[in-house]
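Observations on chain architecture
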Amino acid sequence: AQPVLPALIEPSTLWSCTTCRACVYECPMMIEHVDAIVDLRRYQTLALGELPGSAPETLANLRETGTVGGYDPAARYHWAVDLDIRTACPGEAVDVLLVAGEGAFDSRYQRTLRAVVKLLQAASVDFAVLGARELDTGDTARRLGDEATFQRLAKRNIEMFASLTFSRIVTADPHVL
């Protein structure tokens, strides 16, 4: 891999950033480092086609299935089959929309989601989930520099949310938040 900026930034440095923005917070000049890093990644991804590790597979999964892991979107709620959860539908108002996120494919995170659902049910909250309509937010694609995939997923999510009637969104997934 060639240096991104010769003698200044190696690709491994560019890709090691977690985009947490701690550098921006600590910078006395409030320089937006993360925006520059994401722009450099975008160049690496879109102009040079150079991505680290499993990033190409992740982006392909997002493009093909709308999930990071390449899962069937309908499988996102298999953990809730016995919980009698309503699925949000156009024309049916709901107070809270529970968005599971990519973590819903992980068995450890599923326990957290089940606990959230049981709390909502115990509190008699009027809530529903997205079911098979739920797609990834695209934050991974954006952080990897694939702006086109991010924008496609964001547009589909905006259209899906606009078709539903709800008061607020609740999630336990920090990437959805």
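Refer to the structure presented above.
Described in the following lines is the structure provided in the data block.

Thresholds applied
- Residues numbered from 1 in each chain as written.
- Predicted model: local features only at pLDDT ≥ 70, side-chain atom pairs only at ≥ 80, totals over all residues.
- Heavy atoms only, no water.
- Helix = DSSP H or I, 4+ residues; strand = E, 2+ residues; numbered from the N terminus.
- Buried < 20%, exposed > 50% of the residue type's maximum accessible area, 1.4 Å probe, protein only.
- Areas by Shrake-Rupley, 256 points an atom, 1.4 Å probe, with all protein chains shown as cover.
- Lys, Arg positive; Asp, Glu negative; His and termini not counted.
- Charge placed at Lys NZ, Arg CZ, Asp CG, Glu CD.
- Expected span 1.5 Å × (residues − 1).
- Contact = heavy atoms within 4.5 Å.
- Polar contact = N/O pair within 3.5 Å; in protein donor to acceptor, adjacent residues only side chain to side chain.
- 1 Å grid on protein atoms, 1.4 Å probe; cavity = no way out; pocket = protein on both sides within 12 Å on 5 of 7 lines; lining within 4 Å.
- Points joined across faces, edges and corners; volume = space filled by probe spheres on them.
- Nonpolar A, V, L, I, M, F, W, Y, C, P; charged D, E, K, R; others polar.
- Core = buried A, V, L, I, M, F, W, Y, C linked by side-chain atoms within 4.5 Å.

Digging into the overall build of the chain
Counting its regular elements, the chain contains seven helices and three strands. Listing each helix as α and each strand as β along the chain from the N terminus yields α-α-α-α-β-α-β-α-α-β. Expressed along its principal axes, the backbone C-alpha trace of the chain runs to roughly 60 × 40 × 30 Å. A buried classification covers 38% of the 177 residues belonging to the chain. When the accessible surface of the chain is summed, it comes to about 10,100 Å², and 57% of that surface belongs to carbon and sulfur atoms. If you average the places of the 17 positive and of the 23 negative side-chain charges in the chain, the two averages end up 3 Å apart.

Re helix 5 (residues 107-122)
Taking 1.5 Å of rise per residue, the 16 residues of helix 5 would be expected to cover 22 Å, and the 23 Å separating its terminal C-alpha atoms lies within 8% of that figure. Looking at the packing, one finds that the buried side of helix 5 touches strand 1 (93-99), strand 2 (127-129) and strand 3 (165-171). One side-chain oxygen of the residue at the start of helix 5 lies 3.2 Å from the amide nitrogen of Arg108, identifying that residue as Asp106. Among the residues trailing helix 5, Ser124 stands out with phi positive, at a value near 55°.

A word on the layout of surface pockets
Taking a probe equal in size to a water molecule and rolling it over the atoms shows the remaining empty space. Roughly 320 Å³ of internal volume is contained in the largest pocket. Val99, Thr137, His175, Val176 and Leu177 are the residues nearest the centre of the largest pocket, which is lined by 24 residues in total. Where the lining of the largest pocket is concerned, the elements lending two or more residues are helix 6 (139-143), helix 7 (147-162) and strand 3. At five residues, the largest contribution of residues to the lining of the largest pocket is made by helix 7. When grouped by side-chain class, the residues that make up the lining of the largest pocket number twelve nonpolar, six polar and six charged. Quantified by volume, the second largest pocket comes out at close to 170 Å³. Forming the boundary of the second largest pocket are Thr19, Arg21, Val34, Asp35, Val38, Asp39, Arg42, Arg142 and Arg143. Of all the secondary-structure elements, those providing two or more residues to the lining of the second largest pocket are helix 3 (33-47) and helix 6. Sorting elements by how many residues they give to the lining of the second largest pocket places helix 3 first, with five residues. Along the lines of polarity and charge, the residues of the lining of the second largest pocket split into two nonpolar, one polar and six charged.

Considering the nonpolar core
With 23 residues, the main nonpolar core has Trp79, Ile85, Val117, Phe127 and Leu130 as its most contacted residues. Tallying contributions element by element places strand 1 first for this core, with five residues. In this structure, Ile85 is in contact with Trp79, Ala80, Val117, Gln121, Phe127 and Val129, ignoring residues within four places of it in sequence. Counting twelve residues, the second-largest nonpolar core is a separate cluster that includes Trp15, Ala55, Phe150 and Leu153.

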